[in-house]
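# Examination of the molecular architecture
Listed below, chain by chain, are the residues.
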2 protein chains.
Amino acid sequence: MGVNERVDDTVYIGVDIGGTNLRSALVDGSGNILEMKKDKCRIDLGARSAAETLAAQCLGLARSAEDRGLVLGAIGVGVAGKIDKAAETVVFSPNLPPLDGYPLGIELGKRTGSPVFMENDANVFGLGESFAGAAKGIDNWAGMTLGTGVGGCLILGGALWEGDGLGFCAEIGHVIIQPDGPPCACGSKGCLESFSSATALVKGAKRLVREGGMREGMLFELWRENALSADTIYECAKKGDGPSLSLFETMGWALGVAISNLFSVLGIRHAVIGGGVSAAWDVFIGPLEASLAHSISMLDPELAVIRRSALGDDAALIGAARVAQIGLRGQAK
Amino acid sequence: MGVNERVDDTVYIGVDIGGTNLRSALVDGSGNILEMKKDKCRIDLGARSAAETLAAQCLGLARSAEDRGLVLGAIGVGVAGKIDKAAETVVFSPNLPPLDGYPLGIELGKRTGSPVFMENDANVFGLGESFAGAAKGIDNWAGMTLGTGVGGCLILGGALWEGDGLGFCAEIGHVIIQPDGPPCACGSKGCLESFSSATALVKGAKRLVREGGMREGMLFELWRENALSADTIYECAKKGDGPSLSLFETMGWALGVAISNLFSVLGIRHAVIGGGVSAAWDVFIGPLEASLAHSISMLDPELAVIRRSALGDDAALIGAARVAQIGLRGQAK
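First things first, this report covers the structure right here in the doc. (Residues numbered from 1 in each chain as written. Chains lettered and ligands numbered in written order. Predicted model: local features only at pLDDT ≥ 70, side-chain atom pairs only at ≥ 80, totals over all residues. Heavy atoms only, no water.)

### Some words on the sheet that holds strand β3 (residues 33-40) of chain B
All names here are of chain B. One open sheet accounts for five strands, arranged β3-β2-β1-β4-β7; its pairing is mixed. Among the strands making up the open sheet, the edge pair consists of β3 and β7 (116-120). Pairs of neighbouring strands in the sheet enclose a mean axial angle of 20 degrees, with direction left out of account. The pairing of strand β1 (residues 10-17) with strand β2 (residues 21-28) spans seven bridges and is classified as antiparallel. Looking across to β2, one finds that Ile13 is bridged to Leu26. Seen against the sheet, helix α3 (residues 121-132) touches β4 (71-79) and β7 and runs at an angle of roughly 105 degrees to β7. Along the sheet, helix α10 (residues 314-332) contacts β1, β2, β3, β4 and β7; its crossing angle with β1, the most-contacted strand, is approximately 125 degrees. (Pairing = 2+ DSSP bridges. Helix = DSSP H or I, 4+ residues; strand = E, 2+ residues; numbered from the N terminus. Axes fitted to C-alpha atoms, helices over the stretch in contact; angles between N-to-C directions. Contact = heavy atoms within 4.5 Å.)

### What about the sheet that holds strand β11 (residues 270-274) of chain B?
Residue and element names in this part refer to chain B. Ordered in space as β10-β9-β8-β11-β12, the five strands form an open sheet in which the pairing is mixed. Lying at the two open borders of the sheet, with one neighbouring strand each, are β10 (159-160) and β12 (305-308). Note that strand β8 (residues 141-146) and strand β9 (residues 150-156) share six bridges and pair antiparallel. Looking across to β9, one finds that Ala142 is bridged to Leu154.

### Focus on the packing of aromatic side chains
Applying the stated criterion across every chain, the model contains eight aromatic pairs over all chains. Seen in terms of ring centroids, Phe195 of chain A and Trp253 of chain A are 5.5 Å apart; in terms of plane orientation they differ by 85 degrees. Their pairing is edge-to-face. Of this pair, Phe195 of chain A sits in helix α4 (residues 193-196) while Trp253 of chain A is found in helix α8 (residues 242-266), placing the two residues 58 residues apart along the sequence. Ring geometry for Phe220 of chain B against Trp223 of chain B: centres 5.7 Å apart, planes inclined by 35 degrees, an arrangement best described as tilted. With a gap of three residues between them, Phe220 of chain B and Trp223 of chain B both fall in helix α6 (residues 218-224), about one helical turn apart. Relative accessible area serves as the criterion here: at 9%, Phe220 of chain B is assigned to the buried category. Positioned above the aromatic ring of Phe131 of chain A is the side chain of Arg322 of chain A, whose terminal nitrogen or guanidinium carbon lies 4.0 Å from the ring centre. (Phe/Tyr/Trp six-rings, centres within 6.5 Å; stacked < 30°, edge-to-face > 60°. Buried < 20%, exposed > 50% of the residue type's maximum accessible area, 1.4 Å probe, protein only. Lys NZ or Arg CZ within 6 Å of the ring centre and 35° of its normal.)

### Notes on the interface of chain B and chain A
Across the contact, 39 residues belong to chain B and 39 residues belong to chain A. The largest share of the area that chain B buries against chain A comes from Phe168, Val265 and Met298 of chain B, three residues that together contribute 20% of it. Here chain B is connected to chain A by zero salt bridges. Remark: the boundary between chain B and chain A carries 18 residue pairs in polar contact (both at pLDDT 80 or more). When contributions to the side of chain B that touches chain A are tallied by element, the ones reaching two or more residues are β9, α8 (242-266) and α9 (281-295) of chain B. Grouping the constituent residues of the side of chain B that touches chain A by class yields 22 nonpolar, 14 polar and three charged. (Buried area = accessible area lost by both parts, 1.4 Å probe. Salt bridge = Lys/Arg side-chain N within 4 Å of Asp/Glu carboxyl O. Polar contact = N/O pair within 3.5 Å; in protein donor to acceptor, adjacent residues only side chain to side chain. Nonpolar A, V, L, I, M, F, W, Y, C, P; charged D, E, K, R; others polar.)

### Looking at the environment of Ala198 of chain A
For Ala198 of chain A, the position within the fold is in helix α5 (residues 198-210). Among residues more than four places away in sequence, those in contact with Ala198 of chain A are Gly147, Thr148, Ala230 and Val277 of chain A.

### A few points about the pairing of β4 of chain B
Put simply, side chains in a regular strand alternate between the two faces of the sheet. Residues and elements named next belong to chain B. Counting buried positions over the nine residues of β4 gives seven, a clear majority of the element. Pairing between β4 and β7: five bridges, direction parallel. Bridge pairing in β7 places Gly76 opposite Phe117.

### Re the pattern of salt bridges
The tally for this structure, following the rule as stated, stands at 24 salt bridges over all chains. Measuring nitrogen to oxygen at the nearest pair gives 2.8 Å for the salt bridge that ties Arg111 of chain A to Glu107 of chain A. Taken together, the residues Arg111 of chain A and Glu107 of chain A, both in helix α2 (residues 104-112) and four residues apart, mark about one turn of the helix. Across the pair Arg42 of chain B and Asp44 of chain B runs a salt bridge whose closest N-O atoms are separated by 2.9 Å. The class of Asp44 of chain B is exposed, set by a relative accessible area of 57%. Salt bridges sharing common partners tie together Arg48, Glu52, Glu107, Lys110 and Arg111 of chain A.

### Topic: the pairing of strand β4 (residues 71-79) of chain A
By the bridge criterion, seven bridges tie strand β1 (residues 10-17) of chain A to β4 of chain A in an arrangement that is parallel. Along β4 of chain A, the bridge assignment pairs Val15 of chain A with Val77 of chain A.

### Notes on the relation of the copies chain B and chain A
For these two chain copies, the linking operation is a rotation about an axis paired with a shift along it. Overlay of chain B on chain A (RMSD 0.0 Å): rotation 180 degrees, translation along the axis 0.0 Å. Put plainly, the chains are arranged around a two-fold axis. If distances are taken from each C-alpha of chain B to the rotation axis, the shortest is found for Gln178 of chain B, at 2.8 Å. Of the residues that chain B buries at the interface, 100% are likewise interface residues in chain A, meaning the two copies contact each other through the same surface. (Least-squares fit on C-alpha atoms with pLDDT ≥ 70 in both.)

### Topic: the packing of α3 of chain B against α10 of chain B
Residue and element names in this part refer to chain B. Two elements in contact, α3 and α10, have axes whose closest approach is 7 Å; the angle formed by their N-to-C orientations is 90 degrees. Here α10 runs roughly perpendicular to α3, going by the angle between their axes. Contact residues: Val124, Phe125, Leu127, Gly128, Glu129, Phe131 and Ala132 in α3; Ala315, Ala316, Ile318, Gly319, Ala320, Arg322, Val323, Gln325 and Ile326 in α10. Each residue belonging to the contact of α3 with α10 can be placed in one class, and the counts come to eleven nonpolar, three polar and two charged. (Parallel < 35°, antiparallel > 145°, perpendicular 65-115°, else oblique.)

### Some thoughts on the environment of Gly46 of chain A
All names here are of chain A. Inspection of the secondary structure assignment puts Gly46 in the loop between β3 (33-40) and α1 (47-67). Judged by relative accessible area, Gly46 falls into the buried class, the value being 18%. Taking C-alpha positions, Gly46 is 31 Å from Glu66, a pair spaced 20 residues apart along the chain.

### Here's the deal with α8 of chain B
Residues and elements named next belong to chain B. Given a rise of 1.5 Å per residue, 25 residues ought to cover 36 Å, and the 36 Å separating the end C-alpha atoms of α8 matches this to within 8%. Of all 25 residues in α8, 18 are buried; the element is thus mostly enclosed. Gly267 sits one or two positions beyond α8 and adopts a positive phi of about 65 degrees. (Expected span 1.5 Å × (residues − 1).)

### Considering α3 of chain B
Residues and elements named next belong to chain B. Relative to the 16 Å expected for twelve residues at 1.5 Å per residue, α3 spans 16 Å between its end C-alpha atoms, a close match to the ideal helical length. Counting buried residues in α3 gives ten out of twelve residues, a clear majority hidden from the surface. Those residues of α3 lying buried are Ala122, Asn123, Val124, Phe125, Gly126, Leu127, Gly128, Glu129, Ser130 and Phe131. For α3, the capping residue at the N-terminal end is Asn120, with a side-chain oxygen 2.9 Å from the backbone nitrogen of Ala122.

As structure tokens, then:
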């Protein structure tokens, strides 16, 4: 037990850096959010401005902790992209380019006086769902976050699996599902991300309109209004629009193949799916389960457990706080 | 340290049960084979007869150990198929059906008076190569054995990864490479095994002859003589026969995609390939490496390390002895 775990009144701050919002939360040692702060992410003002906003949120939460008679342990930060944990630096952030190369962790530490630990967003999701969400009590599972891209995490033996520490791990979005499939942003073809992300839905809709010669219908109208998005396509699917449903069928099919492969290789049977696009659960879970049952020969499909994220947006905050808790424990060893 | 490891003179017996031969070896604690015994596998005489042959080999090796002033620790048994380790029973052995349901470990223990530990052949390969072969000193790696089928193993954190203990794990042969690919024996389509096994080579050659309308050439002659096998097709490929080379190109291509996916998911960069068909290394490693470089976007292909089994047939014996060593250590805890 680390020095900071002797008392039950230690709390942590979890920080979620998204393209839309900067959020921080005070989280207790059991994963309950006590208080949350949120500001618009004005990344156009630069990395330093973002760090200042986050520091102000954290200092506010730290004061709140003190008022409550609680002890602040550390700050955990989740951010999309490649992180250099040792240097507390964002190496490459696809959605927030001004952060590239910025020593966010160090700056936040200076401004708050607290230890800061960083982790990528998919791993933060994994830690959050493991600690207090859909995967609580499950030792081995694979996680997928469906958003602009597809993120992934692996929890093995109850801990985040980090592989050889090569700077990438659990890149489930870049598992190849169909070698001659659509081009992926990563440069390869037929990756899961090219079938099962928001980007894939929009691209798929455009393909239906342009190559399919669509001249009417819901997707055509959205296309004409330049209003195609995962959300709007989902709205059409919910209304029973065939072409929109077919896009979610493809999404579910690819997820089923990917999960089948993960289960066969890892000898596991649990997966948790989160991220913004998981809101469309009702229109892709059927095709996903059918595809999984069709693909997997090693496991009785009845034993497969595919869960939707239980924490939603809170996974990022609770998971980031968990990064702080685990980081502090590691340091105290 | 377990009670049986206090002294350096403890040795182990590794048993390899193959369709052709029954082999046992006396192996020291560092993975050196001291002595080996081999008999034809007359599985047509039944499981009991096989157990008697193996017991005779083990008793001979035990006497030899005694003569050498060494202490026999335990016996480890490797066998293709699904093993119930707790019951020391072969649940299902595709190549040796008479073993199905036979409590081989218990029978061998009764006849020899030694503790017996069982493991499937792909995992035994992994333990052997980790302990004394191509993967010595490598903490995280994926193994593939190319034979009638394609076996797999995962070594994570220096230990055999066993997943949830569902009775399957590291089924790399049943990772789907191409969802609309050739049918696989497992019931699915486009599995690695349907591209990269001895069976796939022979099926591929037959397809070239029948569907490709082949009327002459090396593969046609082999087909006419009913002499198609991985070995004979490899002989043709070595002589530069184009159709034969194309079959190994497909094999290498599929292995490259599979390894790319394993590396992306696990965040690792080492793989070891063994099994009988790995003898054709020179004709598939080029296509494999090209396919891996083409498929993987997360890792600099220069950092990927694909090694051929260093122990060959001995991996099964050394790995089985390692199963005994680890099993005994576990018991002594």
